[in-house]
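Topology and contacts: notes
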Amino acid sequence: MEVPKPKCLEHPINVPTKLLMGPGPVNMPLRVHNAMMKPMLGHLHPEFTQVMDEVKEGLKYIFQTTAEVVCCVSGTGHAGMEATMCNLLEPNDVILIAQNGIWGERAADMARRHDADVRLIKKPPGDVCSLNELESALLKHRPAVLFLVQGESSTGALQPLEGVGALCRKHGVLLAVDTVASLGGVPFFMDSWEIDVVYTGSQKVISAPPSVAPIAFNDRAMEKVRTRKTPIRSFYLDITWLANYWGCDGLPRKYHHTGPVSSVYALREALSMVSEEGLHALWSRHSSCAQRLYSGLEALGLRLFIADPAKRTPTVTTICIPEGVDWMKVPGGSKWWFGTYCGQSVENWPHGL
């Protein structure tokens, strides 16, 4: 029996315009939208690899790094997390993960799937780790890798990073950082903070469409990759192949996969806008907007989930749902991070809605 043509496809797509106020994706500037309408190129055409090279320069600026291996994983922020785990970890490697929200949970899940020995520093939702706590955990667990989330979007917490890289080098540990919900909205300095691996998402502060995960590996991280005793388990996420495709290794580019051409155009234009504004102005704008939002929420009688302003990320604001309000009805049951489960453990939060 022949399957009939779907009636739902008998008319052009109709997508409403919405003001997006979740952690991401966010509304894109018209300039970024328009970039996606540029003519399609082949994924190895020299005109496209020139665009890729310009994206790399923009990423080095926003990451504040001179690392050679700066590129993108074709996928969302989760792909950046997975690439970090599969490239750095071998079976039985110890990884220490700070878990104070869903992204620490996800990182632990991914690391276990690569047969790593996962150790956790558990903090209450909204709290962060101090340098003393991190050093004590490093001494106790002796990990190969420490994984931190700078901006924990499930709680709105901001993990301080200054000094952590120096601690990791003191104890012979690689430092990997998730900046999906924070990069561009708060200060970040990969090189001066001695961070070995960092990744982010295109659809948050950068204001590009969800589809690519910028990532950077410094020389220490690449040495770990080069000296692995076992093959990297994912061909698609293999950083050595990605580095070659993105022109990071000085060798002729080889076909690895078909890069998301139009999305790379958009990322290039979004990074151009970041460069034009300047990082310090971008950080300041996010800080001032967050302060205005805090004041407005408090004027409405709402209580911010994180009481200590020093522990809040300005890119994602979390509030306590008032007593007697059905939190599922507030955001329409689709964005669980709109509010928080005050006083409940992370395990009781409604993941994946």
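All values derive from a computational prediction rather than experimental measurement.

Scoring rules and cut-offs
- Residues numbered from 1 in each chain as written.
- Predicted model: local features only at pLDDT ≥ 70, side-chain atom pairs only at ≥ 80, totals over all residues.
- Heavy atoms only, no water.
- Axes fitted to C-alpha atoms, helices over the stretch in contact; angles between N-to-C directions.
- Helix = DSSP H or I, 4+ residues; strand = E, 2+ residues; numbered from the N terminus.
- Parallel < 35°, antiparallel > 145°, perpendicular 65-115°, else oblique.
- Left-handed = near helix turned anticlockwise from the far one by under 90°.
- Contact = heavy atoms within 4.5 Å.
- Nonpolar A, V, L, I, M, F, W, Y, C, P; charged D, E, K, R; others polar.
- UniProt positions renumbered as here; feature names shortened; annotations may be inferred.
- Buried < 20%, exposed > 50% of the residue type's maximum accessible area, 1.4 Å probe, protein only.
- Pairing = 2+ DSSP bridges.
- Arc of directions from axis to C-beta.
- Salt bridge = Lys/Arg side-chain N within 4 Å of Asp/Glu carboxyl O.

Let's talk about the packing of helix 2 (residues 46-63) against helix 9 (residues 261-277)
Relative to each other, helix 2 and helix 9 sit at 40°, their axes nearing to 9 Å. In terms of orientation, helix 2 and helix 9 fall into the oblique class. The two elements helix 2 and helix 9 meet at a crossing, and its hand is left-handed. Residues Phe48, Val51, Met52, Glu54, Val55, Gly58, Leu59, Tyr61 and Ile62 of helix 2 form the contact with helix 9, whose own contacting residues are Val261, Val264, Tyr265, Leu267, Arg268, Leu271, Val274 and Ser275. A per-class count over the contact of helix 2 with helix 9 returns 13 nonpolar, two polar and two charged.

A short note on the UniProt feature "domain: Aminotransferase class V" (unreviewed entry) in the chain
Mapped onto this numbering, the UniProt entry annotates "domain: Aminotransferase class V" (unreviewed entry) at residues 34-327. What you have in residues 34-327 is 39% helix and 15% strand, and the ends, taken at the C-alpha atoms, are 37 Å apart.

Remarks on the environment of Trp241
Within the secondary structure, Trp241 is located in helix 8 (residues 239-245). Note on Trp241: relative accessible area 26%, which makes it partly exposed. Between the C-alpha atom of Trp241 and that of His256, which follows or precedes it by 15 residues, the distance is 6.5 Å. Setting aside chain neighbours within four positions, we find Trp241 in contact with Phe235, Lys254, Tyr255 and His256.

Here's the deal with the packing of helix 3 (residues 77-88) against helix 4 (residues 102-113)
Packing of helix 3 against helix 4 brings their axes to within 9 Å, and their N-to-C directions diverge by 45°. By the angle between their directions, the pair helix 3 and helix 4 is classed as oblique. The chirality of how helix 3 crosses helix 4 is right-handed. Touching His78, Met81, Glu82 and Met85 of helix 3 are Trp103, Arg106, Ala107, Met110 and Ala111, all from helix 4.

Digging into the UniProt feature "modified residue: N6-(pyridoxal phosphate)lysine" (unreviewed entry) in the chain
Per the UniProt record, "modified residue: N6-(pyridoxal phosphate)lysine" (unreviewed entry) is found at Lys204. Here Lys204 shows up in the loop between strand 8 (197-199) and strand 9 (212-217). Among the residues examined, Lys204 registers a relative accessible area of 13% and is labelled buried. Each residue touching Lys204, except ones within four places of it in the same chain, is listed here: Pro23, Gly24, Val26, Val180 and Ala181.

Here we look at the sheet that holds strand 4 (residues 145-149)
The mixed open sheet is built from seven strands, whose spatial order is 1-9-8-7-4-2-3. On the outer flanks of this sheet lie strand 1 (69-74) and strand 3 (117-122), each paired with one strand and no other. Strand-to-strand twist in this sheet, taken as the mean axis angle between neighbours without regard to direction, amounts to 20°. By the bridge criterion, three bridges tie strand 2 (residues 94-99) to strand 4 in an arrangement that is parallel. If you follow Ile97 over to strand 4, its bridge partner there is Phe147. Against the sheet, helix 2 engages strand 1, strand 8 and strand 9, with an angle of about 110° to strand 1.

Thoughts on helix 5 (residues 131-141)
Buried within helix 5 are the following residues: Leu134, Glu135, Ala137, Leu138 and His141. All buried residues of helix 5 lie within an arc of 160° about the axis, which places them on one face of the element. Facing away from the buried side of helix 5 by more than 90 degrees, the exposed set consists of Asn132 and Lys140. Buried positions along helix 5 lie against strand 2, strand 3, strand 4 and helix 6 (164-170). Backbone geometry just after helix 5 places Arg142 at a positive phi near 50°.

Digging into the side chain of Gln159
As for its placement among the helices and strands, Gln159 is situated in the loop between strand 6 (157-158) and helix 6. Once residues within four sequence positions are removed from consideration, Gln159 is found in contact with Val128, Cys129, Leu134, Leu148, Val149 and Gln150.

Describing the pattern of salt bridges
Oppositely charged side chains can form a pair if their charged atoms are brought close together. Counting across every chain of the model gives 19 salt bridges. One salt bridge in this structure joins Arg119 and Asp117, with 2.8 Å as the shortest N-O distance. Overall, the relative accessible area of 28% leaves Asp117 in the partly exposed class. For Lys311, the salt bridge goes to Asp127, with nearest N and O atoms at 2.9 Å. Taken together, the residues span a long stretch of sequence, with Lys311 in the loop between strand 10 (303-304) and strand 11 (319-320) and Asp127 in the loop between strand 3 and helix 5 at a distance of 184 residues. Looking at Asp127, the relative accessible area reads 18%, which means it is buried. Ionic contacts of the salt-bridge type, sharing partners, join the residues Arg31, Glu54, Arg268, Glu269 and Glu276 into one network.

Considering unusual backbone geometry
Cis geometry marks the peptide bond from Gly24 to Pro25; its omega dihedral reads 5°. By the secondary structure assignment, Pro25 is in the segment before helix 1 (30-35). Even without being glycine, Asp115 reaches a positive phi, approximately 65°. Relative to the elements of secondary structure, Asp115 occurs in the loop between helix 4 and strand 3. Positive phi, normally seen in glycine, also occurs at Ser207, with a value near 65°. Position of Ser207 among the secondary structure elements: in the loop between strand 8 and strand 9. Under the relative-accessibility criterion, Ser207 is labelled buried at 17%.

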